[in-house]
Amino acid sequence: MMEWTDRHCRYFLRLISRRTFLYTEMVTAEAVLYGDRERVLGFSEEEHPVGLQLGGSEPARLAEAAKIGAAHGYDEINLNIGCPSDRVQSGRFGACLMAEPDLVAQCVAAMGEAVDRPITVKCRIGIDDQDAEQSLDTFIDRVAQGGCKTFIVHARKAWLGGLSPKENRDVPPLDHDRVHRLKARRPDLEIVLNGGIESFAAACEHLPGVDGVMLGRAAYADPYLLGEVDRALFGDSHAVPSRLDVLDRFVPYVEAGLSRGVRLNAMTRHILGLFHGQPRARAFRRHLAENAHRDGAGIEVLLAARDIVAGTGKYEPSTVAAE
Ligand SMILES: Cc1cc2nc3c(=O)[nH]c(=O)nc-3n(C[C@H](O)[C@H](O)[C@H](O)COP(=O)(O)O)c2cc1C
């Protein structure tokens, strides 16, 4: 998710779940080709498995960007056919490409020829006045012919005229059943459901009918919900670290980042939800929100927030109740 799932966020999430598959923010093929490669593509080894999400519609450029991404070590290259923003429409990529399955198939085929990793597509169930039954089937069948075997489907249309990107994540109605029907019709494909899944339990309810579930906003707001994933879905029996353990393991990463000149807030802004629903969570969030962005803010800000949430530091009694 743009502005959200950057490398610091992914490193943090990986401390909670070893197996959950993580994705980068969308980056355009051009940014990969012509941008500062380390800034655009750099990530920590600990983040694996991690997929690079590309935006674009020009097969040769996407193929080249995919090749560069694979050389950087990304485990999967994903093509974004779901983003509804105006900027993206004008550049002819994102959700508007739901109307151009042949072109998307060409993009996927070119990317697949360029790299030895899975090429996957994230899309919507349709756009605007498309018939979400017919046009989604046509889109998926055509793009699968191009070599894509995995589709992550955000189970709502994108309405490209008039809604902001944020509204396009909430206003068009969710239709999870449409994604289940897609899986039933194409059992040979890996179909991952996305959109409006609020909890781990809700994700599990879908799993008999689809191959996977992608969580966006819920996992960002309450990242510790990923703590159940490894054991419940992957049979991985390692002990899940407590929330405080996760925080303590993040501290050395933050210290290393600070020593490289990364601003404290760039790292700690992603952990505001770690204590979601726990005592003193609000005081923890407030301490970070009020202090981590200040010039020169150092590790002491994070350690003070830790003391607050652990109950060993100063906090206002009114914030003690579960929040
Ligand atoms: C701030 C923000 C940025 C997003 N950026 C991307 C993106 O770069 N690529 C993408 O495929 N989806 C992006 N999305 C959409 C989410 O991946 C997801 O499809 C959508 O939020 C619905 O899932 P959810 O209800 O689990 O959040 C973004 C969502 C948000 C809230």
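Refer to the preceding data block for the structure.
Here the structure is a predicted model, which is why all the values come from computation and not from measurement. (Residues numbered from 1 in each chain as written. Predicted model: local features only at pLDDT ≥ 70, side-chain atom pairs only at ≥ 80, totals over all residues. Heavy atoms only, no water.)

1. Observations regarding the overall build of the protein
A count of helices and strands for the protein gives 15 helices and 7 strands. In terms of overall size, the protein behaves like a compact globule, its C-alpha atoms giving a radius of gyration of 20 Å where 323 residues would be expected to give roughly 20 Å. Overall, the C-alpha framework of the protein stretches about 60 × 45 × 40 Å when taken along its three principal axes. For the protein, with 323 residues in total, the buried portion stands at 52%. Intrachain contacts of the protein at a sequence separation of at least 6 include 71% that bridge at least 24 residues. (Helix = DSSP H or I, 4+ residues; strand = E, 2+ residues; numbered from the N terminus. Rg over C-alpha atoms; globule rule 2.2 N^0.38 Å. Buried < 20%, exposed > 50% of the residue type's maximum accessible area, 1.4 Å probe, protein only. Contact = heavy atoms within 4.5 Å.)

2. Some points on the site of the ligand
Near the ligand there are 15 residues, and of these Met2, Gln53, Asn194, Gly196 and Arg217 occur at the shortest range. Interatomic distance of 2.8 Å between a backbone N/O atom of Met2 and a nitrogen atom of the ligand. Within the side chain of His154, one N or O atom sits 3.4 Å away from an oxygen atom of the ligand. In isolation the ligand has 610 Å² of accessible area, and contact with the protein removes 90% of it. (Near = heavy atom within 4 Å. Polar contact = N/O pair within 3.5 Å; in protein donor to acceptor, adjacent residues only side chain to side chain. Areas by Shrake-Rupley, 256 points an atom, 1.4 Å probe, with all protein chains shown as cover.)

3. Considerations on the pattern of salt bridges
Here the structure, examined in full by the defined rule, presents 19 salt bridges. The salt bridge involving Asp6 is made with Arg269; its shortest N-O contact spans 3.6 Å. A residue pair is termed long-range when its members are at least 10 positions apart, and Asp6 in the segment before α1 (7-16) and Arg269 in the loop between α13 (264-268) and α14 (281-291) qualify at 263 residues. Among the salt bridges present, the one from Asp295 reaches Arg263, with a minimum N-O distance of 3.4 Å. Taken together, the residues Asp295 in the loop between α14 and α15 (299-310) and Arg263 in the loop between α12 (243-259) and α13 connect sequence positions 32 residues apart. For Arg263, a relative accessible area of 44% translates into the label partly exposed. Linked through salt bridges whose partners overlap, the residues forming this network are Glu133, Asp137, Asp141, Arg178, Arg181, Arg185, Arg186 and Asp188. (Salt bridge = Lys/Arg side-chain N within 4 Å of Asp/Glu carboxyl O.)

4. Focus: the pairing of strand β4 (residues 119-124)
A large share of β4 lies buried, amounting to 6 of its 6 residues. Side chains Ile119, Val121 and Cys123 project from β4 onto one buried face, and the interleaved Thr120, Lys122 and Arg124 project onto a second face that is buried too. By the bridge criterion, 5 bridges tie strand β3 (residues 76-81) to β4 in an arrangement that is parallel. Residue pairing in the sheet places Asn80 in a bridge with Lys122 of β4. Pairing analysis gives 5 bridges linking β4 to strand β5 (residues 150-154), with the strands arranged parallel. What sits directly across from Thr120, in β5, is Thr150. Following the backbone out of β4, through helix α7 (residues 134-145) and into the adjacent parallel β5, one traces a crossover that is right-handed. (Pairing = 2+ DSSP bridges. Right-handed = clockwise from strand over helix to strand, strands pointing away.)

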